[in-house]
Amino acid sequence: MNFASRMSRVTVSPTLKVAAEADRLRRQGVDVVDLGAGEPDFGTPKHVKDAAHAALDANFTKYTPSAGVLELRDAVCQRYRLDYDVAIKPEEVIITAGAKQALYNSAMVLFEEGDEVITHGPYWPSIVDQIKLADATPVIVHTHMDDGFKIHASAVIDAITPRTKAIIINSPCNPTGALISEDDMIAIADAAAARGIWIVADVTYEKLIYDVASHNIIGILFERMRDKTVICSAASKAYAMTGWRCGWAVGPKDVIAQCNVLQGHSTSNINSITQKAGIAALTGPQDDVATMLNEYRKRRDLVHAWLTADPRFVCVKPGGAFYLFPYIADLLSPSGIKSSGEFAEALLKEVSVAVTPGEGFDSPGYFRLSYATSIERLKEGVNRIQRFVATLEKAGTISGQPIRN
Ligand SMILES: Cc1ncc(COP(=O)(O)O)c(C=O)c1O
């Protein structure tokens, strides 16, 4: 078929591929333990749903300004003032269909052919595919398990060339859960500011940080290079609102105006009812956020302990988001399974557990496990994974001993 050439540069999201196969099996009646999904298992908080019901009852069902209603843009300003002590005006905010559209708008407005855009890997695939869709070239700075997938400012700065247009930082990171340190953020911001390079910060998991850590990267970027910073985030993960599609980009008003032009010619405003729900989420009580965070922390600790009881699952305990990213090369090569893609396929086929293979995050040898599901299902999932590994052992394909030292 004669499709536009840009489409040959991107692929189907691997997370959606796993979800589709898991869904197919589930429809056949298979009891699938889904550890692939990147979304909270909790219901949306009641006061948020009540706001949506009220919006419907009041027939708040018409077009709104494409950038979102003023009250919601104000709510983002208010939330960020409380959380990060930064002063933002509504004209510096656009409401988008999730953080994904905030990032997409930024890519389309800022990047073009000939530009290089630096980001860090393992990465969430849409970040890189959006750079390609904008005709720019992604430059990946690799982070490593051995030091907890730390984003080193020096590595990012070393990747800068005269063609670098922007640096995209995702913290907490999907899939590694790593947080950038404030010192690294300061060093990158200073290097970028000195060269007129944009920083796009994807802080979609900003509310999911488990250990006491000062992580005011928004404050740092605003203080040092506000005129070249775009922050992208959403209500999706923090308020268990993935399906509502409520996100935002915060940046200089000219950039936000350009995003609004783009959005005005594509999707227009996000759902009007969702906007009322978003206001309730951002301005209402935040207790549910804390409750969910505590539960995720408990799950992270449990699953990490269960999995790493077998030393062939080498796994960092992440500081944020809701994923573990174990390294399983010790299981792969000796078992005849050649890749984590094959491992994930076999896991789904043999013991009906869905995980996302590392290849999707540019990280063969790893898989991503989401712990955004109940402890009971997580236990069942880990039991099945262990059972699957034991069958590989029994078949004589792998030894019970780790190969790594
Ligand atoms: C790192 C990262 N950024 C952005 C998004 C998009 O979030 P949303 O559902 O709000 O569009 C996701 C979703 O999984 C993500 O993991």
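For the structure itself, look to the data block above.
Scoring rules and cut-offs
Residues numbered from 1 in each chain as written. Predicted model: local features only at pLDDT ≥ 70, side-chain atom pairs only at ≥ 80, totals over all residues. Heavy atoms only, no water. Pairing = 2+ DSSP bridges. Helix = DSSP H or I, 4+ residues; strand = E, 2+ residues; numbered from the N terminus. Axes fitted to C-alpha atoms, helices over the stretch in contact; angles between N-to-C directions. Core = buried A, V, L, I, M, F, W, Y, C linked by side-chain atoms within 4.5 Å. Buried < 20%, exposed > 50% of the residue type's maximum accessible area, 1.4 Å probe, protein only. Near = heavy atom within 4 Å. Polar contact = N/O pair within 3.5 Å; in protein donor to acceptor, adjacent residues only side chain to side chain. Areas by Shrake-Rupley, 256 points an atom, 1.4 Å probe, with all protein chains shown as cover. Phe/Tyr/Trp six-rings, centres within 6.5 Å; stacked < 30°, edge-to-face > 60°. Lys NZ or Arg CZ within 6 Å of the ring centre and 35° of its normal. Expected span 1.5 Å × (residues − 1). Contact = heavy atoms within 4.5 Å. Parallel < 35°, antiparallel > 145°, perpendicular 65-115°, else oblique. Left-handed = near helix turned anticlockwise from the far one by under 90°. Nonpolar A, V, L, I, M, F, W, Y, C, P; charged D, E, K, R; others polar.

1. Re the sheet that holds strand S7 (residues 229–234)
Taken together, the seven strands give an open sheet; going across it, the order is S2-S8-S7-S6-S5-S3-S4, and neighbouring strands pair in mixed fashion. Unpaired on one side and paired on the other, strand S2 (93–96) and strand S4 (137–142) mark the two borders of the sheet. Ignoring strand direction, the axes of neighbouring strands in this sheet form an average angle of 20 degrees. In this sheet, strand S8 (residues 247–250) lies alongside S2 in antiparallel orientation, the contact comprising four bridges.

2. Things to note about the nonpolar core
One recurring pattern in soluble globular proteins is that nonpolar side chains are buried together. With 55 residues, the main nonpolar core has Tyr80, Ile167 and Trp248 as its most contacted residues. Counting 39 residues, the second largest nonpolar core, distinct from the first, contains Leu307, Phe322, Ala346 and Leu378.

3. Quick word on the site of the ligand
Taken together, the neighbourhood of the ligand is formed by 13 residues, with Asn174, Asp202, Ser236, Lys237 and Arg245 sitting nearest. Note that a nitrogen atom of the ligand is positioned 3.3 Å from one of the side-chain N or O atoms of threonine 204. In this structure, an oxygen atom belonging to the ligand sits 2.8 Å away from a side-chain N or O atom of tyrosine 205. Notes on the ligand: free accessible area 390 Å², of which the protein chains cover 93%.

4. A word on the packing of aromatic side chains
Per the counting criterion, the structure on display carries 16 aromatic pairs. Between the aromatic rings of phenylalanine 322 and tyrosine 323, the centroid separation amounts to 5.1 Å while the plane-to-plane angle is 65 degrees, which identifies the pairing as edge-to-face. For tyrosine 323, a relative accessible area of 1% gives the class buried. Here the aromatic residues Phe42, Tyr205, Tyr296, Phe322 and Tyr323 are joined through ring pairs into a cluster of three or more. Positioned above the aromatic ring of phenylalanine 60, the side-chain terminus of lysine 276 is 4.5 Å from the ring centre. The ring of tryptophan 306 is capped by lysine 379, whose NZ or CZ atom sits 4.4 Å from the centre of that ring.

5. Comments concerning helix H8 (residues 217–225)
Because each turn of an α-helix spans 3.6 residues, side chains separated by three or four positions in sequence point in the same direction. Among the nine residues of H8, seven are classified as buried, and the element is accordingly described as predominantly covered. Turning to H8, its buried residues number three or more, namely Ile217, Ile218, Gly219, Ile220, Leu221, Phe222 and Met225.

6. A word on helix H10 (residues 272–283)
Its 12 residues place the ends of H10 17 Å apart at the C-alpha level, agreeing with the 16 Å of an ideal helix rising 1.5 Å per residue. In terms of residue burial, H10 counts as a mostly covered element, since 10 of its 12 residues are buried. Buried-residue contacts for H10 involve helix H2 (46–57), helix H3 (70–84) and S8. The backbone nitrogen of isoleucine 273 lies 2.7 Å from a side-chain oxygen of the residue at the head of H10, namely asparagine 271.

7. A closer look at the packing of H3 against H10
Following both chains from N to C, one finds H3 and H10 inclined at 20 degrees, their axes separated by 9 Å at the closest point. With respect to H10, the element H3 is oriented roughly parallel. Seen along the crossing, H3 lies across H10 with a hand that is left-handed. For the pair H3 and H10, the contacting residues are Glu71, Leu72, Ala75, Val76, Gln78 and Arg79 in the first and Gln275, Lys276, Gly278, Ile279, Leu282 and Thr283 in the second. In terms of residue class, the contact of H3 with H10 is made up of five nonpolar, four polar and three charged.

8. A short note on the environment of valine 33
Along the chain, the position of valine 33 falls in strand S1 (residues 33–34). Given the relative accessible area of 1%, valine 33 is considered buried. Counting along the chain gives 349 residues from valine 33 to valine 382, while the straight-line C-alpha distance between them is 9.4 Å. Not counting residues within four places of it along the chain, the set of residues in contact with valine 33 comprises Ser352, Val353, Ala354, Arg377, Glu380, Gly381 and Arg384.

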